[in-house]
Amino acid sequence: MRIRIFVCLKEGVLDPQGKAVERSLHSLGYQEVRDVRVGKYIEISLDAPSRPAAEARIREMCDKLLANPVIEDYRFEIQE
Amino acid sequence: MRWGVIVFPGSCDEQDVYDCLKRNLGQRPEFLWHKDRLKGKFDCIVLPGGFSYGDYLRCGAMARFSPIMQGVVEFAEKGGLVLGICNGFQILCEAGLLPGALVRNSSLQFVCRQVCLRVEETDSPFTCSGKKGQLLRMPVKHGEGCYYADPAALERLRKNRQILVRYADGKGRSSAAANPNGSLDHIAGICNEARNVFGLMPHPEDAGEKILGSEDGLKIFSSVIAACDKKEKKAWLG
């Protein structure tokens, strides 16, 4: 299985990188841009007996290492 | 006093901590390799600054899983003194020994300059030799030192008087200009509820000799030495 994991700063946590990117987009003329947030994208391959088993393992990995629950949220997609 | 200074791959201030303790305070520190288990008796374990594991993923995220950290967590739970400086502070937050997290500086820039810290609380083993309101000058050098905690966690920090040092200007006033990284509530360093684990972004080890521009950093280490003296220990334990 191929897993795509998206990690993003929680709402309410200041994202200065997102702000800087937003300002850059504005200065390039994309005035319609709002609320830019910069996150992380992680791809992993995994052997698991079933989809629920893979989900449980991924959640564990995210909670332990890949995301910091104090400041980040995560979601993931599984491709079989 | 028995000091242990942990060396992670990518640590770079361990020698500064070692030299400061040895040359300026006559201590006998010992380096501890991150892959070893924590053995032997120590009074204080220091997690130095640097870029452990290249700061990959998040600062301190991988160092917290180094073999030595399990022993550090047990040591802290038993009341042992743990001091995390800069990257060490980030590791202690990632390890859950301190609340909150350190995120990218609000300026997005790496900041390297002398700052002023105001001592907020003196009933801790890390500040017991200082005076409330006393100003300490020492350098910061970090890209991710902006302290963040959710509102409930911040309230607990304030209520339990865990904020031991805040950024301030030369007159002791906190302001956005005196805050080098956008840290919440101008927080420079916090301790845990039991007050035996302390993390701070500024570098006391780089302010231990006049030639470095300040000797104020010694206040932090000499507080630990004083606290380990029995009488003082009782004082901060209440």
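Residues numbered from 1 in each chain as written. Chains lettered and ligands numbered in written order. Predicted model: local features only at pLDDT ≥ 70, side-chain atom pairs only at ≥ 80, totals over all residues. Heavy atoms only, no water.

Caption draft 1: Summary view of the packing of aromatic side chains. Considering all chains together, one arrives at five aromatic pairs over all chains under this definition. A centroid spacing of 5.2 Å and a plane angle of 35° characterise the contact between F126(B) and F198(B), whose relative ring orientation is tilted. In this pair, F126(B) is assigned in the loop between β6 (111-119) and β7 (135-142) and F198(B) in strand β11 (residues 197-200), connecting sequence segments 72 residues apart. On the basis of relative accessibility, which here comes to 0%, the residue F126(B) falls in the buried class. You can call F198(B) buried: its relative accessible area is 0%. Positioned above the aromatic ring of F6(A) is the side chain of R75(A), whose terminal nitrogen or guanidinium carbon lies 4.3 Å from the ring centre. (Phe/Tyr/Trp six-rings, centres within 6.5 Å; stacked < 30°, edge-to-face > 60°. Helix = DSSP H or I, 4+ residues; strand = E, 2+ residues; numbered from the N terminus. Buried < 20%, exposed > 50% of the residue type's maximum accessible area, 1.4 Å probe, protein only. Lys NZ or Arg CZ within 6 Å of the ring centre and 35° of its normal.)

Caption draft 2: Here's a closer look at the environment of R195(B). All names here are of chain B. In this structure, R195 sits in the loop between β10 (187-191) and β11. Since its relative accessible area comes to 9%, R195 is described here as buried. Taking the C-alpha atoms as reference points, R195 and T122, 73 residues apart in sequence, are found 11 Å from one another.

Caption draft 3: Spotlight on the layout of surface pockets. In this model, the largest pocket occupies a volume close to 460 Å³. If you trace the largest pocket, you find 26 residues lining it, with K40(A), E72(A), L57(B), R58(B) and E144(B) closest to the centre. Elements represented by at least two residues in the lining of the largest pocket include exactly β1 (2-9) and α1 (16-27) of chain A together with α3 (87-94) and β5 (101-103) of chain B. In terms of residue class, the lining of the largest pocket is built from 14 nonpolar, four polar and eight charged. Counted as a void, the second largest pocket has a volume near 250 Å³. Taken together, 14 residues make up the lining of the second largest pocket; nearest its centre are L38(B), G40(B), G71(B), F75(B) and K78(B). A class-by-class count of the residues in the lining of the second largest pocket yields five nonpolar, five polar and four charged. (1 Å grid on protein atoms, 1.4 Å probe; cavity = no way out; pocket = protein on both sides within 12 Å on 5 of 7 lines; lining within 4 Å. Points joined across faces, edges and corners; volume = space filled by probe spheres on them. Nonpolar A, V, L, I, M, F, W, Y, C, P; charged D, E, K, R; others polar.)

Caption draft 4: Seen up close, the interface of chain A and chain B. Contact residues are listed per partner, giving 16 residues for chain A and 15 residues for chain B. For the pair chain A and chain B, the summed buried area comes to about 1,300 Å², and 69% of that belongs to carbon and sulfur atoms. The interface formed by chain A and chain B contains one salt bridge. Note that R58(B) is salt-bridged to E72(A), the shortest N-O span being 3.6 Å. Counting the contacts that link chain A with chain B gives four residue pairs in polar contact (both at pLDDT 80 or more). (Contact = heavy atoms within 4.5 Å. Buried area = accessible area lost by both parts, 1.4 Å probe. Salt bridge = Lys/Arg side-chain N within 4 Å of Asp/Glu carboxyl O. Polar contact = N/O pair within 3.5 Å; in protein donor to acceptor, adjacent residues only side chain to side chain.)

Caption draft 5: Up close: unusual backbone geometry. Residues and elements named next belong to chain B. A positive phi angle, near 70°, is found at L57, a position not held by glycine. Structurally, L57 is set in the loop between β3 (44-47) and α2 (67-77). By relative accessible area, L57 is classed as partly exposed at 24%. The phi dihedral of R195 falls on the positive side, at around 70°, and the residue is not glycine.

Caption draft 6: Spatial organisation of the sheet that holds strand β1 (residues 3-7) of chain B. All names here are of chain B. Strand order in the open sheet formed by nine strands is β2-β1-β3-β4-β11-β10-β9-β6-β7, and the pairing between neighbours is mixed. This sheet does not close on itself; its edge strands, each paired only once, are β2 (30-33) and β7. Neighbour to neighbour, the strand axes of the sheet diverge by 25° on average, direction disregarded. Pairing geometry for β6 and β7, over eight bridges, is antiparallel. Its bridge partner lying in β7, V111 is registered against H142. On top of the sheet, helix α1 (residues 14-25) reaches β1, β2, β3, β4 (81-85) and β7; it is set at about 165° to β1, its chief contact. Helix α4 (residues 151-159) contacts β9 (163-168) and β10 of the sheet and is inclined by roughly 75° relative to β10. (Pairing = 2+ DSSP bridges. Axes fitted to C-alpha atoms, helices over the stretch in contact; angles between N-to-C directions.)

Caption draft 7: A look at the sheet that holds β1(A). Residue and element names in this part refer to chain A. An order of β2-β1-β3 is seen for the three strands of this open sheet, with the pairing classed as antiparallel. Only two strands of the sheet have a single neighbouring strand rather than two, namely β2 (40-45) and β3 (72-79). Sheet twist, expressed as the mean angle between neighbouring strand axes with direction ignored, is 20°. Two elements, β1 and β3, share eight bridges in a ladder whose sense is antiparallel.

Caption draft 8: Inspection of α3(B) at higher detail. Residue and element names in this part refer to chain B. When you tally the buried positions in α3, you get eight out of eight residues, the bulk of the element. Here α3 has its buried residues at N87, G88, F89, Q90, I91, L92, C93 and E94. Immediately downstream of α3, the backbone of G96 shows phi near 80°, a positive value.

Treat this as a map of the structure, not an account of what it does.
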